[in-house]
Amino acid sequence: MKKAAIVCLASVAGTVSALSVHAKCKSKAWDYNWDFRQPSSLVKPNSPDEDLEKRKSATRRTLYLIRHGQYELDKQHDKEKILTDLGRQQAECTGKHLAKLGVKYSDLVISTMTRANETGEIILKQLNETGMEVLNENFEIEKTDLLREGHPIDSVPSSSRFKPDSWEFTDGARIEAAFRKYFHRAHYSQKEDSYEIVVCHANVIRYLVCRASQNPPEGWLRMSLANGSITEVVLEPNGKVSISGIGDKGHMPINKITFT
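Criteria and cut-off values
Residues numbered from 1 in each chain as written. Predicted model: local features only at pLDDT ≥ 70, side-chain atom pairs only at ≥ 80, totals over all residues. Heavy atoms only, no water. Core = buried A, V, L, I, M, F, W, Y, C linked by side-chain atoms within 4.5 Å. Buried < 20%, exposed > 50% of the residue type's maximum accessible area, 1.4 Å probe, protein only. Helix = DSSP H or I, 4+ residues; strand = E, 2+ residues; numbered from the N terminus. Contact = heavy atoms within 4.5 Å. Polar contact = N/O pair within 3.5 Å; in protein donor to acceptor, adjacent residues only side chain to side chain. Salt bridge = Lys/Arg side-chain N within 4 Å of Asp/Glu carboxyl O. Pairing = 2+ DSSP bridges. Axes fitted to C-alpha atoms, helices over the stretch in contact; angles between N-to-C directions. Expected span 1.5 Å × (residues − 1). Phe/Tyr/Trp six-rings, centres within 6.5 Å; stacked < 30°, edge-to-face > 60°. Lys NZ or Arg CZ within 6 Å of the ring centre and 35° of its normal.

Trainee: With reference to specific residues and values, describe the nonpolar core.
Mentor: Of all hydrophobic cores here, the largest spans 26 residues; its most connected members are Leu65, Leu147, Phe183, Leu208, Val233 and Leu235. Secondary structure elements with two or more residues in this core: strand S1 (61-67), helix H5 (171-182), strand S4 (194-200), helix H6 (202-212) and strand S5 (230-235). At eight residues, H6 tops the list of elements feeding residues into this core. If near-sequence neighbours (up to four positions away) are discounted, Val233 is found in contact with Arg61, Thr62, Leu63, Leu65, Phe183, Ala212, Val241, Ser242 and Ile243. Core analysis: the second largest hydrophobic core is formed by 17 residues, Leu98, Ala99, Leu108 and Ile110 among them.

Trainee: Any details on the side chain of Ser57? Residues and values, ideally.
Mentor: Relative to the helices and strands, Ser57 resides in the loop between helix H2 (49-54) and S1. Within polar-contact distance, the side chain of Ser57 engages the backbone oxygen of Thr59 at 3.4 Å. A polar side-chain atom of Ser57 sits 2.9 Å from the main-chain carbonyl oxygen of Ala186. Sequence-distant contacts of Ser57, defined by excluding residues within four places in its chain, comprise Arg185, Ala186, His187, Tyr188 and Pro237.

Trainee: Just give me the short version of the pattern of salt bridges, but keep the residues and values in it.
Mentor: What the rule picks out here adds up to eleven salt bridges. Between Arg185 and Asp35 there is a salt bridge, and its shortest N-O distance comes to 2.8 Å. Separated by 150 residues along the polypeptide, Arg185 in the loop between H5 and S4 and Asp35 in the loop between helix H1 (2-24) and H2 bring together distant segments of the chain. Taken individually, Arg185 and Asp35 each receive the classification buried, so the pair is uniform in this respect. The partner of Glu53 in a salt bridge is Lys56, with the nearest N and O atoms 3.0 Å apart.

Trainee: Requested: an account of the sheet that holds strand S6 (residues 241-248), with residues and values cited.
Mentor: Strand order in the open sheet made by the six strands is S3-S2-S4-S1-S5-S6, with mixed pairing throughout. At either end of the open sheet lies a strand with only one pairing partner, and these are strand S3 (135-144) and S6. Each adjacent strand pair in this sheet contributes to an overall mean axis angle of 15°, direction not counted. Bridge count for S5 against S6 is five bridges, and the pairing is antiparallel. By the bridge assignment for S6, Glu232 is matched with Ser244. Where helix H4 (residues 114-129) meets the sheet, it contacts S1, strand S2 (105-111), S3 and S4, and its direction lies at approximately 155° from that of S2. Across the sheet, H6 lies against S1, S4, S5 and S6, angled at about 150° from S1, the strand it touches most.

Trainee: Please give an account of H5 that cites residues and values.
Mentor: For H5, spanning twelve residues, the distance from its first C-alpha to its last is 17 Å, which sits close to the expected 16 Å at 1.5 Å a residue. Of the positions making up H5, those classed as buried are Asp171, Gly172, Arg174, Ile175, Glu176, Ala178, Phe179 and Tyr182. Buried residues in H5 make contact with S1, S2, S3 and H6.

Trainee: Break down the packing of aromatic side chains for me, citing the residues and quoting the values.
Mentor: Under the criterion given, the structure shown has three aromatic pairs. Ring centres of Trp34 and Phe179 lie 5.9 Å apart, and the angle between their planes is 40°; this geometry places the pair in the tilted category. Placement of the pair is Trp34 in the loop between H1 and H2 and Phe179 in helix H5, with a sequence separation of 145 residues. With relative accessibility at 12%, the residue Trp34 sits in the buried group. Centroid distance Tyr64 to Tyr105: 5.9 Å. Interplanar angle 80°. Geometry classified as edge-to-face. Of this pair, Tyr64 sits in strand S1 while Tyr105 sits in strand S2, and the two are 41 residues apart along the sequence. Aromatic rings pair up to connect Trp34, Phe179 and Phe183 into one cluster. For the cation-ring pair, Arg115 lies above Tyr71, with the distance from its terminal atom to the ring centre recorded as 4.2 Å.

Trainee: How would you summarise the pairing of S4 if you had to cite specific residues and measurements?
Mentor: Of all the seven residues making up S4, six are buried; the element is thus mostly covered by neighbouring parts of the structure. Bridge analysis of S1 against S4 gives seven bridges, and the strand direction is parallel. Pairing of Arg61 across the sheet is with Ser194, part of S4. Where S2 and S4 come together, four bridges link them in parallel fashion. By the bridge assignment, Asp107 is partnered in S4 with Glu196.

Function-wise, these values are silent; they only describe arrangement.
Here is the structure:
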């Protein structure tokens, strides 16, 4: 009897503790119109139901966010910060892995910074050399300044190891613009699921992941991404988002893994 009472009290204490933790973690409902592409946002007020149906997305978009390979850290100018030999090997490993996923890619979007540009070109070379049809017939390549590395927002908690220069705080609006441009559900006219590769930088990817998952963007520095790693983001037609393998490096031989 005494033992049963102790077990009961322990159970109650555990429940209270769990409720206490839950109370501290303030959750909020998922915003299905986070990309401003809910059908009701695309038609005039009081539009007939058939107009809403026509604006419904029916396919999904999958984004593969790739961090560039290791590069020359001791150089001052971007053009000098080229990939190291190891960085090129990392990009090759990533390209070969992407070629084996059994999908056809519709787009390759690359940051204009040298290390990302080189990584993207190596990945494209691997995709072209695979001997399989891994590129959509309408495959497009885009190089953009929006995805250049920067300081997206002050991190919480702050880090004594990460002290950005004052000018870097202007990067936030640009990186947010990148999110709004590239992260959204498929257009309602899209007939098939699409698979897109985005090659950019650790800070940018971490911020994009926070925004896509509707987590506080200030938490971007809580994640760590290896060079050549892959983060998969699936954008569902109903506005839901799922993220798998954040900074996945399982395709990389252990002796080639770096975080520089």
